[in-house]
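Structural characterization, general
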Amino acid sequence: MAASTEKFSSAMLEILRASSNVAVLTGAGISAESGVPTFRQAQTGLWSQFDPLQLATPQAFQNDPKLVWDWYAWRRKLISESLPNSGHHALADLENYFPEFTLITQNVDGFHQLAGSKAVIELHGNIFRTKCSQENRLITDPPQTTGTPPRCPHCGELLRPDVVWFGESLPAEALNNAMRAVNACQVFISIGTSTLVEPAASLPFIALNNGATVVEINPQTTLLTPMASYSVRGKAAEVLPKLAVEVLR
Ligand code: NAD
């Protein structure tokens, strides 16, 4: 429906202010302005010749575990040298306003928690955790090795990042909790996600089917745009602080 840029629709603000239950879905776009590229942005530097959509797969790890492990080590370093931006902080502020507020993220960078968000559901894991590629057991303080990925101290199999790769199932508890939030919300806000990666991509459409007001914040149009109740074209780090000011005033 309404597409606004700088100025928010007053009807949208009224609905949001009156809402007691909000669910938010974030994707890689919200961290773009922290300096962490989305998978669909051109990669720079050392890894520019590789396609992240090809590296973030179980097949890539099976074919070349060192390549994938090194790529994740590079991404962990990039993220640990970056900070949450004003979009992450605005969502942490908004959490305090609504009686029920659930933040569902596809991001693995942990920026929402760093910014102070409390009710965060990580659908795709966290890049700072490591698990056994065989048994899925989480490994704290993984052995430090270079060259090939370290080995699980329990079974000797290769360790891998505790993230969900393309083609893998999501952690059941996270997905169930996300579904509960989506089914209960009055307003659903989709931020910085291409609405292409399932099952997260379906969440705004489930909210729509349930009668929730669905707001999209993205500089680009997506599959959700024509269906969204309100679509705000803009960068998350610019739009969200303004939205928080309007809601919290
Ligand atoms: P995506 O790369 O498919 O889409 C990113 C979306 O963000 C696009 O629609 C783009 O238009 C939008 N965008 C770009 N800049 C933006 C900005 N400044 N503000 C708001 N939106 C902006 O990302 P996705 O939908 O999250 O799905 C891909 C997968 O990538 C996910 O599984 C996620 O786990 C993974 N990923 C995570 C990170 C991270 O943790 N920071 C980074 C890259 C990829």
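Keep in mind that what you see is a predicted model, and the values were worked out from it rather than measured.

To continue, consider the overall build of the protein chain. Helix and strand counts for the protein chain stand at ten helices and ten strands. In terms of principal-axis extent, the alpha carbons of the protein chain reach across some 55 × 35 × 30 Å. Residues counted as buried form 51% of the 249 residues belonging to the protein chain. In the structure as shown, the protein chain presents an accessible area of about 11700 Å², 52% of it carried by carbon and sulfur atoms. Of note, the protein chain has its 18 positive side-chain charges centred 1 Å away from the centre of its 22 negative side-chain charges.

To continue, consider helix H5 (residues 65–80). For H5, with 16 residues, the first-to-last C-alpha span of 22 Å sits near the 22 Å given by 1.5 Å per residue. Listed as buried for H5 are Val68, Trp69, Trp71, Tyr72, Arg75, Arg76 and Ile79. Seen end-on, H5 carries its buried residues on one side only, within an arc spanning 160°. Summarising the contacts, the buried residues of H5 are in contact with helix H3 (52–55), helix H4 (58–63), helix H7 (111–115), strand E5 (125–132) and strand E7 (159–163).

Take the packing of aromatic side chains next. Overall, the coordinates contain nine aromatic pairs when judged by the stated rule. Seen in terms of ring centroids, Tyr72 and Trp165 are 6.2 Å apart; in terms of plane orientation they differ by 45°. Their pairing is tilted. One end of the pair, Tyr72, is in helix H5; the other, Trp165, is in the loop between E7 and helix H8 (172–184), and 93 residues separate them in sequence. Both residues of the pair, Tyr72 and Trp165, count as buried. Taken together, a centroid distance of 4.8 Å and an interplanar angle of 80° make the contact between Tyr97 and Phe98 edge-to-face. Looking at Tyr97, the relative accessible area reads 32%, which means it is partly exposed. An aromatic cluster is present here, built from Phe39, Phe61, Trp71, Tyr72, Trp165 and Phe166 joined pairwise through their rings. Positioned above the aromatic ring of Trp71, the side-chain terminus of Arg75 is 5.0 Å from the ring centre. Sitting over the face of the ring of Trp69, Arg76 holds its NZ or CZ atom 5.2 Å from the ring centroid.

The interhelical angle for the contact between helix H6 (residues 86–95) and helix H10 (residues 236–248), taken along N-to-C directions, is 25°, at an axis separation of 7 Å. Considering the angle they form, H6 stands roughly parallel to H10. Classified by chirality, the crossing of H10 by H6 is left-handed. For the pair H6 and H10, contact is made by Ser86, Gly87, Ala90, Leu91, Asp93 and Leu94 and by Ala236, Ala237, Leu240, Pro241, Ala244, Val247 and Leu248, respectively. Looking at the contact of H6 with H10 residue by residue, the classes come out as ten nonpolar, two polar and one charged.

Parameters at a glance
All residue numbers refer to position in the chain's written sequence, counted from 1. Whole-chain, interface and lining totals are the exception, using all residues; otherwise, since this is a predicted model, local features are given only for residues with pLDDT of at least 70 and side-chain atom pairs are given and counted only at 80 or more. To obtain the side-chain values, all non-hydrogen atoms of the structure were used and water was disregarded. To qualify as a helix, a DSSP run of H or I must reach at least 4 residues; to qualify as a strand, a run of E must reach at least 2; elements of each kind are numbered from the N terminus. Buried means the residue's accessible area, taken with a 1.4 Å probe over protein chains only, is under 20% of the maximum for its type, while exposed means over 50%, and partly exposed covers the values in between. In this description, accessible areas are obtained by the Shrake-Rupley approach with a 1.4 Å probe, and a residue is regarded as covered only by the protein chains that are shown. Only four residue types enter the charge count, namely Lys and Arg as positive and Asp and Glu as negative; His and the chain termini do not. Taken as the charge centre is NZ of Lys, CZ of Arg, CG of Asp or CD of Glu, depending on the residue. In this scheme, a helix's expected span is set at 1.5 Å multiplied by one less than its residue total. Think of the arc as the fan of directions from the helix axis to the C-beta atoms. Between two residues, a contact is recorded if the distance between any of their heavy atoms is within 4.5 Å. The criterion for an aromatic pair is that two Phe, Tyr or Trp rings (for Trp, the six-membered ring) have centres within 6.5 Å, with stacked assigned to planes under 30 degrees apart, edge-to-face to planes over 60 apart and tilted to the rest. Each ring is checked for a lysine NZ or an arginine CZ that lies within 6 Å of its centre and within 35 degrees of its normal; such an atom marks a charge sitting over the ring. Orientation is described by lines fitted to C-alpha atoms, with helices fitted over the stretch in contact, and by angles between N-to-C directions that extend from 0 to 180 degrees. Here is the rule for angles: anything less than 35 degrees is roughly parallel, anything more than 145 is roughly antiparallel, 65 through 115 is roughly perpendicular, and the remaining ranges are oblique. Should the near helix be turned counterclockwise from the far one by less than a right angle, the crossing is left-handed, whereas a clockwise turn marks it as right-handed. Classes in brief: Ala, Val, Leu, Ile, Met, Phe, Trp, Tyr, Cys and Pro nonpolar; Asp, Glu, Lys and Arg charged; the others, Gly included, polar.

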